[in-house]
Amino acid sequence: GAGVSQSPSNKVTEKGKDVELRCDPISGHTALYWYRQSLGQGLEFLIYFQGNSAPDKSGLPSDRFSAERTGGSVSTLTIQRTQQEDSAVYLCASSTGTGLYEQYFGPGTRLTVT
Amino acid sequence: AQSVTQLDSQVPVFEEAPVELRCNYSSSVSVYLFWYVQYPNQGLQLLLKYLSGSTLVKGINGFEAEFNKSQTSFHLRKPSVHISDTAEYFCAVVRSNDYKLSFGAGTTVTVRA
(Lines give C-alpha, C1' and ligand atoms only; values in the text may rest on other atoms or scores of the structure.)
Protein backbone atom coordinates (compact mmCIF):
# COMPACT_ATOMS: atom_id res chain seq x y z
CA GLY A 1 0.00 0.00 0.00
CA ALA A 2 0.91 3.67 -0.12
CA GLY A 3 3.45 4.91 2.37
CA VAL A 4 3.72 8.26 4.11
CA SER A 5 3.85 11.07 1.59
CA GLN A 6 5.06 14.61 2.09
CA SER A 7 4.85 17.73 -0.02
CA PRO A 8 6.60 19.65 -1.29
CA SER A 9 9.80 17.63 -1.53
CA ASN A 10 11.84 20.81 -1.67
CA LYS A 11 10.98 24.34 -0.60
CA VAL A 12 13.13 27.42 -0.93
CA THR A 13 11.81 30.51 0.79
CA GLU A 14 13.02 33.93 1.75
CA LYS A 15 13.69 34.82 5.34
CA GLY A 16 10.56 36.19 6.97
CA LYS A 17 8.07 34.33 4.77
CA ASP A 18 5.62 31.72 6.07
CA VAL A 19 5.72 28.12 4.82
CA GLU A 20 3.37 25.15 5.06
CA LEU A 21 4.57 21.57 4.89
CA ARG A 22 2.10 18.75 4.32
CA CYS A 23 2.07 15.14 5.47
CA ASP A 24 -0.27 12.36 4.37
CA PRO A 25 0.08 9.43 6.77
CA ILE A 26 -0.58 5.80 6.01
CA SER A 27 -4.30 5.16 5.97
CA GLY A 28 -5.54 3.89 9.32
CA HIS A 29 -2.53 5.06 11.29
CA THR A 30 -3.73 6.92 14.35
CA ALA A 31 -0.39 8.33 15.45
CA LEU A 32 1.47 11.01 13.49
CA TYR A 33 4.84 12.56 14.27
CA TRP A 34 6.95 15.39 12.92
CA TYR A 35 10.73 15.36 13.26
CA ARG A 36 13.39 17.76 12.05
CA GLN A 37 16.75 16.72 10.69
CA SER A 38 19.39 19.43 10.62
CA LEU A 39 23.17 19.47 10.44
CA GLY A 40 23.62 21.04 13.81
CA GLN A 41 20.94 19.26 15.82
CA GLY A 42 20.58 15.87 14.17
CA LEU A 43 17.14 14.27 14.27
CA GLU A 44 14.81 15.82 16.80
CA PHE A 45 11.18 15.34 17.73
CA LEU A 46 8.82 18.23 17.06
CA ILE A 47 5.21 17.24 17.62
CA TYR A 48 2.95 14.20 18.06
CA PHE A 49 -0.71 13.59 17.30
CA GLN A 50 -2.69 10.59 18.53
CA GLY A 51 -6.32 10.24 17.57
CA ASN A 52 -8.46 12.95 19.10
CA SER A 53 -6.10 13.61 22.00
CA ALA A 54 -4.40 16.96 22.48
CA PRO A 55 -1.12 16.98 20.55
CA ASP A 56 2.24 16.88 22.30
CA LYS A 57 3.93 20.07 21.14
CA SER A 58 6.85 19.83 23.52
CA GLY A 59 9.45 19.60 20.75
CA LEU A 60 8.45 22.71 18.81
CA PRO A 61 11.46 25.07 18.95
CA SER A 62 9.54 28.34 19.04
CA ASP A 63 6.06 29.81 18.81
CA ARG A 64 6.67 30.42 15.12
CA PHE A 65 6.05 26.70 14.64
CA SER A 66 2.57 25.21 14.70
CA ALA A 67 0.90 22.10 13.36
CA GLU A 68 -2.56 20.74 12.92
CA ARG A 69 -4.07 17.47 11.90
CA THR A 70 -7.41 17.57 10.17
CA GLY A 71 -9.90 14.74 10.38
CA GLY A 72 -7.34 12.49 12.03
CA SER A 73 -5.43 12.19 8.78
CA VAL A 74 -3.51 14.88 6.91
CA SER A 75 -1.21 17.11 8.92
CA THR A 76 0.24 20.52 8.12
CA LEU A 77 3.32 21.98 9.79
CA THR A 78 3.44 25.76 9.52
CA ILE A 79 6.48 27.89 10.13
CA GLN A 80 5.85 31.62 10.37
CA ARG A 81 8.44 34.31 9.71
CA THR A 82 11.05 31.76 8.68
CA GLN A 83 14.64 32.19 9.81
CA GLN A 84 17.81 30.74 8.32
CA GLU A 85 18.16 28.36 11.26
CA ASP A 86 14.86 26.77 10.20
CA SER A 87 16.64 25.28 7.17
CA ALA A 88 16.42 21.51 7.61
CA VAL A 89 14.70 18.39 6.38
CA TYR A 90 11.30 17.97 8.00
CA LEU A 91 10.26 14.35 8.35
CA CYS A 92 6.80 13.06 9.02
CA ALA A 93 6.08 9.59 10.39
CA SER A 94 2.97 7.60 11.27
CA SER A 95 2.24 4.44 13.20
CA THR A 96 -0.66 2.26 14.26
CA GLY A 97 0.19 2.82 17.93
CA THR A 98 2.93 4.12 20.12
CA GLY A 99 6.09 2.90 21.80
CA LEU A 100 6.84 -0.51 20.32
CA TYR A 101 4.97 0.19 17.12
CA GLU A 102 7.13 0.95 14.10
CA GLN A 103 7.09 4.53 12.92
CA TYR A 104 6.96 4.71 9.12
CA PHE A 105 8.73 7.75 7.73
CA GLY A 106 8.00 9.84 4.70
CA PRO A 107 10.72 11.09 2.32
CA GLY A 108 10.85 14.48 3.99
CA THR A 109 10.61 18.09 2.88
CA ARG A 110 13.91 19.90 2.47
CA LEU A 111 13.40 23.51 3.53
CA THR A 112 15.98 26.12 2.61
CA VAL A 113 15.59 29.64 3.97
CA THR A 114 17.63 32.22 2.07
CA ALA B 1 15.33 11.58 29.69
CA GLN B 2 17.18 9.14 27.53
CA SER B 3 20.17 9.71 25.28
CA VAL B 4 21.75 7.79 22.45
CA THR B 5 25.42 7.80 21.49
CA GLN B 6 26.69 6.45 18.21
CA LEU B 7 30.38 6.06 18.70
CA ASP B 8 31.45 6.34 15.07
CA SER B 9 30.41 9.17 12.79
CA GLN B 10 32.01 7.67 9.67
CA VAL B 11 32.78 4.04 8.84
CA PRO B 12 34.52 3.27 5.56
CA VAL B 13 34.47 -0.41 4.65
CA PHE B 14 35.38 -2.56 1.67
CA GLU B 15 32.76 -4.58 -0.16
CA GLU B 16 32.19 -8.06 1.30
CA ALA B 17 33.91 -7.09 4.56
CA PRO B 18 32.03 -7.16 7.87
CA VAL B 19 30.84 -4.00 9.56
CA GLU B 20 29.82 -3.11 13.11
CA LEU B 21 28.12 0.13 14.10
CA ARG B 22 28.18 0.91 17.78
CA CYS B 23 25.32 2.37 19.77
CA ASN B 24 25.08 3.05 23.49
CA TYR B 25 22.11 4.48 25.30
CA SER B 26 21.23 5.76 28.73
CA SER B 27 17.80 5.69 30.30
CA SER B 28 16.35 5.44 33.77
CA VAL B 29 13.46 3.31 32.50
CA SER B 30 13.17 0.40 30.12
CA VAL B 31 13.35 1.25 26.45
CA TYR B 32 12.66 -0.16 23.03
CA LEU B 33 15.59 0.04 20.60
CA PHE B 34 15.66 0.57 16.87
CA TRP B 35 18.07 0.89 13.98
CA TYR B 36 17.01 2.93 10.99
CA VAL B 37 18.77 3.39 7.64
CA GLN B 38 18.57 6.48 5.47
CA TYR B 39 19.64 6.24 1.84
CA PRO B 40 20.55 9.48 0.06
CA ASN B 41 17.58 11.81 -0.36
CA GLN B 42 15.18 9.34 1.20
CA GLY B 43 13.34 8.99 4.47
CA LEU B 44 14.18 6.59 7.27
CA GLN B 45 13.58 2.87 6.90
CA LEU B 46 13.45 0.49 9.84
CA LEU B 47 16.20 -2.15 9.78
CA LEU B 48 15.33 -3.93 13.01
CA LYS B 49 14.02 -3.43 16.52
CA TYR B 50 14.41 -4.88 19.98
CA LEU B 51 11.32 -4.96 22.16
CA SER B 52 11.92 -7.92 24.49
CA GLY B 53 12.98 -11.55 24.48
CA SER B 54 16.01 -12.80 22.60
CA THR B 55 18.81 -10.27 22.73
CA LEU B 56 19.92 -11.07 19.18
CA VAL B 57 17.56 -9.60 16.64
CA LYS B 58 17.69 -10.05 12.91
CA GLY B 59 16.51 -7.45 10.46
CA ILE B 60 16.27 -6.78 6.78
CA ASN B 61 19.12 -6.89 4.29
CA GLY B 62 21.20 -9.27 6.40
CA PHE B 63 21.64 -6.94 9.37
CA GLU B 64 21.47 -8.07 12.98
CA ALA B 65 21.93 -6.38 16.33
CA GLU B 66 22.56 -7.52 19.87
CA PHE B 67 21.04 -5.92 22.92
CA ASN B 68 23.32 -5.89 25.94
CA LYS B 69 21.51 -4.62 29.00
CA SER B 70 24.52 -4.53 31.31
CA GLN B 71 26.51 -2.46 28.84
CA THR B 72 23.45 -0.53 27.65
CA SER B 73 24.46 -1.18 24.06
CA PHE B 74 22.72 -2.14 20.86
CA HIS B 75 25.40 -2.66 18.23
CA LEU B 76 24.49 -3.32 14.60
CA ARG B 77 26.40 -5.83 12.47
CA LYS B 78 26.48 -7.22 8.99
CA PRO B 79 28.90 -10.02 8.09
CA SER B 80 29.39 -8.98 4.45
CA VAL B 81 28.45 -5.58 3.09
CA HIS B 82 27.49 -4.55 -0.43
CA ILE B 83 27.95 -1.29 -2.27
CA SER B 84 24.21 -0.75 -1.83
CA ASP B 85 24.65 -0.62 1.95
CA THR B 86 26.22 2.83 1.59
CA ALA B 87 23.90 5.00 3.68
CA GLU B 88 23.49 6.72 7.01
CA TYR B 89 22.45 4.58 9.95
CA PHE B 90 20.62 5.83 13.02
CA CYS B 91 20.20 4.16 16.37
CA ALA B 92 17.07 5.23 18.23
CA VAL B 93 15.31 4.53 21.50
CA VAL B 94 11.85 5.12 22.88
CA ARG B 95 10.90 4.72 26.49
CA SER B 96 8.48 1.85 26.97
CA ASN B 97 5.79 4.25 28.22
CA ASP B 98 6.42 6.91 25.60
CA TYR B 99 6.31 7.51 21.86
CA LYS B 100 9.07 10.01 21.02
CA LEU B 101 12.05 8.50 19.28
CA SER B 102 15.41 9.80 20.47
CA PHE B 103 18.04 9.39 17.81
CA GLY B 104 21.79 9.13 17.82
CA ALA B 105 23.81 11.44 15.63
CA GLY B 106 24.08 8.84 12.89
CA THR B 107 26.88 6.80 11.33
CA THR B 108 27.73 7.22 7.67
CA VAL B 109 28.78 3.94 6.11
CA THR B 110 30.66 4.13 2.83
CA VAL B 111 31.24 0.83 1.08
CA ARG B 112 34.05 0.76 -1.47
CA ALA B 113 34.78 -1.86 -4.11
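Note that the structure is predicted; figures quoted are calculated from it, not measured.

It is worth spelling out the interface of chain A and chain B at this point. With 18 residues of chain A at the contact, the number on the chain B side is 18 residues. Carbon and sulfur atoms make up 59% of the area that chain A and chain B hide from each other, which totals about 1,500 Å². Linking chain A with chain B are one salt bridge. Run the count over chain A and chain B and you get seven residue pairs in polar contact (both at pLDDT 80 or more).

All names here are of chain B. Following the sequence through the fold, Ser102 ends up in strand S11 (residues 102–103). Each C-alpha atom of the pair Ser102 and Phe90 lies 9.9 Å from the other, and the pair is twelve residues apart in sequence. Ignoring sequence-local partners within four residues, the contact set of Ser102 consists of Gln2, Val4, Cys91, Ala92 and Val93.

Counting 28 residues, the largest nonpolar core has B:Trp35, B:Leu48, B:Phe74, B:Leu76 and B:Tyr89 as its most contacted members. Setting aside chain neighbours within four positions, we find B:Phe74 in contact with B:Cys23, B:Leu33, B:Phe34, B:Trp35, B:Leu48, B:Lys49, B:Tyr50, B:Val57, B:Ala65, B:Glu66 and B:Phe67.

On to the state of the cysteines, then. Here the structure, examined in full by the defined rule, presents two disulfides over all chains. Residue A:Cys23 pairs covalently with A:Cys92 via a disulfide, S to S 1.8 Å. Taking the torsion about the sulfur-sulfur bond, which here is approximately -65°, the covalent link between A:Cys23 and A:Cys92 counts as left-handed. Here A:Cys92 lies in strand S8 (residues 88–95) and A:Cys23 lies in strand S3 (residues 19–24), a separation of 69 residues in the sequence. Taking the relative accessible area as the measure of exposure, A:Cys92 reaches 0% and is therefore buried. Here B:Cys23 engages in a disulfide with B:Cys91; their sulfurs sit 2.0 Å apart. Taking the torsion about the S-S bond as the criterion, the B:Cys23 to B:Cys91 disulfide, at about -70°, is left-handed. Of this pair, B:Cys23 sits in strand S4 (residues 23–26) while B:Cys91 sits in strand S10 (residues 87–95), and the two are 68 residues apart along the sequence. Residue classification places B:Cys23 among the buried positions, given a relative accessible area of 0%.

For the rest of this paragraph, the subject is the sheet that holds strand S1 (residues 5–7) of chain A. Residues and elements named next belong to chain A. Strands sit in the order S1-S3-S7-S6 across an open sheet of four strands; the sheet is antiparallel. Edge strands, defined here as strands with exactly one partner in the open sheet, are S1 and strand S6 (65–69). Here the strands of the sheet are splayed against their neighbours by 15° on average, with no regard to which way each runs. As defined by bridge partners, S1 adjoins S3 across three bridges and the pair is classed as antiparallel. Bridge pairing in S3 places Ser7 opposite Arg22.

This paragraph deals with the side chain of B:Gln38. You can see B:Gln38 is positioned in strand S5 (residues 31–38). Judged by its relative accessible area of 11%, B:Gln38 is buried. Within the local environment of B:Gln38, its side chain forms a polar contact with the side chain of A:Gln37, the two groups lying 2.9 Å apart. Reaching out from B:Gln38, the side chain makes a polar contact with the backbone oxygen of B:Gln42 at a distance of 3.0 Å. For B:Gln38, the residues in contact, after removing those within four places along its chain, are A:Gln37, B:Gly43, B:Leu44, B:Ala87, B:Glu88 and B:Phe90.

Reading the values: the criteria
Residues numbered from 1 in each chain as written. Chains lettered and ligands numbered in written order. Predicted model: local features only at pLDDT ≥ 70, side-chain atom pairs only at ≥ 80, totals over all residues. Heavy atoms only, no water. Contact = heavy atoms within 4.5 Å. Buried area = accessible area lost by both parts, 1.4 Å probe. Salt bridge = Lys/Arg side-chain N within 4 Å of Asp/Glu carboxyl O. Polar contact = N/O pair within 3.5 Å; in protein donor to acceptor, adjacent residues only side chain to side chain. Helix = DSSP H or I, 4+ residues; strand = E, 2+ residues; numbered from the N terminus. Core = buried A, V, L, I, M, F, W, Y, C linked by side-chain atoms within 4.5 Å. Buried < 20%, exposed > 50% of the residue type's maximum accessible area, 1.4 Å probe, protein only. Disulfide = S-S within 2.5 Å. Pairing = 2+ DSSP bridges. Axes fitted to C-alpha atoms, helices over the stretch in contact; angles between N-to-C directions.

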